[in-house]
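Examination of the molecular architecture
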Amino acid sequence: MLRVRDLTVRFQTGEASFSAVDRISFDLGHGEALGLIGESGSGKTTVALSLLRLLPSGAQVSGRVELSGEDLLGLGPDALNRIRGRRIAMVFHDPLAALNPVLRIGTQISEAVRAHQSVDRRGARTMTLELLRAVGLTANDADRYAHELSGGMRQRALIAMSVACRPEILVADEPTSALDAIVQAGILDLLRGLREERGVSILLATHDLGTAARLCTRIAVLYAGRIVESARTTELLASPRHPYTLGLLRSLPPPLGSSGPVRLQPIAGSAPPPWERPGGCRFRNRCPRAQDDCAKREPELIEIDGRGLACFHPVDAP
Amino acid sequence: MNAPLLQVEDLCVHRGGVRVLDRVSFALGAGETLGIVGASGSGKSTLARAVLRLLEPADGRVRWRGRDFLALSGRELRAARREMQIVFQDPATSLDPRMTVFSILAEPLVVHRLERSHALEERILALLREVDLGPEVLHRHPHELSGGQAQRVALARALAPSPALLVADEALSAVDVSIQAQMANLFGKLRHSASLACLFISHDLRFTAVLCDRIAVLSRGAIVELAEAASLVRAPRHDVTRALIAAARESEVQRR
Ligand SMILES: Nc1ncnc2c1ncn2[C@@H]1O[C@H](COP(=O)(O)OP(=O)(O)OP(=O)(O)O)[C@@H](O)[C@H]1O
Ligand SMILES: Nc1ncnc2c1ncn2[C@@H]1O[C@H](COP(=O)(O)OP(=O)(O)OP(=O)(O)O)[C@@H](O)[C@H]1O
Ligand SMILES: [Mg+2]
Ligand SMILES: [Mg+2]
């Protein structure tokens, strides 16, 4: 349904020009949920924004983004507007910027419902209240303005609004990272329901493996603008092959209530800024398995049996 | 025993005509880390803002180093404010979009006249190092930073005036797991520096449990349980606490 090929995004800051996203390819099938996970700065948001050409004008985008065979990167503004919201909807982690400050929450959602479906005002109101209930908000909240809601409530209002547009594809950038665990579970259930019952495809950008693991059928791991590993979720978690994926799993906080050392095990160092990426494998200077050859060439993503891996010295399969 | 650094007594806050904080009381000792957990909308951010007087409470008292903080004004208020710093939930909106990282970090140092100009850049680079950022971000604007980078700049800004109290409102929620682990270790390090107390607000009980001395559970604006972190997780007494623990367990990654 969504086919992304060799997507590359370059930014210009001051003198320097760098690629934030570098030759990324993936497919998102009907009713599938793909998790794009990776560290801060790995390019998740840039990928999400580039799909609908929402990047600032200075960004140079190349490659192909095909929706049912049509290349979105070549579309004019009108054609693009017909796709935004209607076929592909977005949920971002900055809900205050995405909500209209002078309209009540319920009014905004009702307008979205009516823009995308032929229902009258009353019908739209009923659907709005149902949507709000599904994300754990009440009829009272419908009459409030965005600034009157807590951070988590705003995020849920935004999710309700995106769902109101009945998109075929939902692109969600950290949709639950500001929410408490109880609400998070509710939202993930809602998104899972959309996928399973209505066949909505979901592209989830998140740093949180836990969230991706609960919602996504497949996971692609991004590092410094490239996909370094991709696999079905269960396989990726059970046997991570890329040292970076393993590092991410080991960074997670210990299970609640476990005693023992409190220091967590982050991956050494931090992701390099785009213009300071090492030659060869981009991860090599943080990688415990790196050897001489990792500096010489950049490993390409090689796909075998539905698993992709870009590493010369992968972690042994168990 | 230490006199508490911060003492909150029967604090009530109304927003939009509704009581969203209901007689909240707790004390925080110098160097102590108190976790505040609770569902979305339970009043955590409201509590953070009310403690810092960014919101006027309807009732109750806040004592800072034994003095009535709500009655301070002028120079005394500014001096107390410098000692209390906050890191907000949303890094994208908490940094001034027109300023570079350099000026964002220079401002608190210059405003409080903490640094002479030739030492300024060094001090700023040291602050960035403390939050694992390098000199390459110095001349960038907030929109040129990723979410996690922006959050670390916000933390560096809060640490700039060497505060006695750091209020962290969901400081880990927008950063990735590896940086989360690094930040958690950073908060762990700050926690053991006797000079910095912390109100650590988070919806993620897993981090609160490992980073805090005590944890207060907030529900509908009231503290329903306050206990030492390990015993709260081991033997929760309130239903809300139990629900938060169950949800946290569910969000753990099952690797099998
Ligand atoms: N408008 C921009 N101009 C210049 N550089 C940018 C811009 N937007 C993002 N970048 C840079 O591009 C890289 C990728 O950023 P992006 O926001 O996509 O990362 P991310 O994976 O979403 O990170 P996070 O988890 O922190 O949100 C980073 O190095 C970032 O600093
Ligand atoms: N400006 C406002 N006007 C009216 N009500 C408000 C305002 N800001 C917050 N509230 C209400 O106060 C209550 C507490 O909000 P607060 O932001 O403190 O919650 P929170 O615990 O920080 O939630 P979250 O985890 O989602 O950030 C909520 O019911 C919210 O709707
Ligand atoms: Mg992002
Ligand atoms: Mg909050």
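Since we're looking at a predicted model, the values are computed, not measured.

What follows is about the sheet that holds strand β6 (residues 84-87) of chain B. Residues and elements named next belong to chain B. Sheet architecture is open: six strands sit in the order β6-β7-β8-β3-β9-β10, paired in mixed fashion. Of all strands in the sheet, those bounded by a partner on one side alone are β6 and β10 (222-228). Sheet twist, expressed as the mean angle between neighbouring strand axes with direction ignored, is 15°. Of the strand pairs in this sheet, strand β3 (residues 33-38) and strand β8 (residues 197-201) are connected by four bridges, and their pairing is parallel.

A few words on the interface of chain A and chain B. In this complex, chain A contributes 48 residues to the contact, which on the side of chain B involves 49 residues. Carbon and sulfur atoms supply 60% of the area buried between chain A and chain B, which totals about 3,900 Å² over both sides. Linking chain A to chain B there are one salt bridge. Measuring nitrogen to oxygen at the nearest pair gives 3.5 Å for the salt bridge that ties E250 of chain B to R214 of chain A. At the junction of chain A and chain B, the tally comes to five residue pairs in polar contact (both at pLDDT 80 or more). Breaking the side of chain A that touches chain B down by element, the ones donating at least two residues are α7 (151-164), α8 (181-198), α9 (209-215), α10 (233-238) and α11 (243-251) of chain A.

Residue and element names in this part refer to chain A. Under the domain assignment used here, chain A contains domain 1 (1-87 + 168-253 + 265-318) and domain 2 (93-166). Contacts between the two partners involve 15 residues from domain 1, matched on the other side by 13 residues from domain 2. Between domain 1 and domain 2 the total buried area reaches about 1,200 Å² when both faces are included, carbon and sulfur atoms providing 66% of it. Per-residue buried area on domain 1 facing domain 2 is highest for R86, L190 and R198; these three make up 33% of the total on that side.

Let us now look at the site of ligand 1. In the region of ligand 1, 21 residues are neighbours, and S40, G41, K44, T45 and T46 of chain A sit closest. More than a single chain frames ligand 1: its nearby residues are located in chains A and B. At a separation of 3.3 Å, an oxygen atom of ligand 1 approaches a polar backbone atom of S42 of chain A. Contact between ligand 1 and G43 of chain A: an oxygen atom at 3.0 Å from a main-chain N or O atom of the residue. When ligand 1 is considered free in solution it has 640 Å² of accessible area, and contact with the protein chains removes 92% of it. Secondary structure elements with two or more residues in the shell around ligand 1: β1 (2-13), β2 (16-28) and α1 (44-51) of chain A together with α6 (147-159) of chain B. Of the residues belonging to the shell around ligand 1, the class tally is five nonpolar, 12 polar and four charged.

The local shell around ligand 2 holds 20 residues, among which G152 of chain A together with S40, G41, S45 and T46 of chain B are the closest. Taken together, the residues near ligand 2 originate from chains A and B. In the environment of ligand 2, a nitrogen atom lies 3.2 Å from a nitrogen or oxygen atom belonging to the side chain of R15 of chain B. For the shell around ligand 2, the secondary structure elements donating two or more residues are α7 of chain A together with α1 (44-51) of chain B.

All right, on to the packing of helix α4 (residues 105-116) of chain A against α7 of chain A then. Residue and element names in this part refer to chain A. Put simply, α4 and α7 touch, their axes get as near as 8 Å, and they point 15° apart. One finds that α4 runs roughly parallel with respect to α7. Considering how the two elements wind past one another, α4 and α7 form a crossing that is right-handed. Counted together, I105, Q108, I109, A112, V113 and H116 of α4 and A157, A160, M161 and A164 of α7 form the full contact between these two elements. Here the residues of the contact of α4 with α7 are counted per class, giving eight nonpolar, two polar and no charged.

Attention now moves to the environment of R64 of chain A. Residue and element names in this part refer to chain A. With respect to the helices, strands and loops of the structure, R64 is situated in strand β4 (residues 60-67). Taking the C-alpha atoms as reference points, R64 and S25, separated by 39 residues in sequence, lie 8.9 Å from one another. Among the polar contacts listed, one links the side chain of R64 to the side chain of E66, at a separation of 2.7 Å.

Basis of the calculations
Residues numbered from 1 in each chain as written. Chains lettered and ligands numbered in written order. Predicted model: local features only at pLDDT ≥ 70, side-chain atom pairs only at ≥ 80, totals over all residues. Heavy atoms only, no water. Pairing = 2+ DSSP bridges. Helix = DSSP H or I, 4+ residues; strand = E, 2+ residues; numbered from the N terminus. Axes fitted to C-alpha atoms, helices over the stretch in contact; angles between N-to-C directions. Contact = heavy atoms within 4.5 Å. Buried area = accessible area lost by both parts, 1.4 Å probe. Salt bridge = Lys/Arg side-chain N within 4 Å of Asp/Glu carboxyl O. Polar contact = N/O pair within 3.5 Å; in protein donor to acceptor, adjacent residues only side chain to side chain. Domains from an automatic or database assignment. Near = heavy atom within 4 Å. Areas by Shrake-Rupley, 256 points an atom, 1.4 Å probe, with all protein chains shown as cover. Nonpolar A, V, L, I, M, F, W, Y, C, P; charged D, E, K, R; others polar. Parallel < 35°, antiparallel > 145°, perpendicular 65-115°, else oblique. Left-handed = near helix turned anticlockwise from the far one by under 90°.

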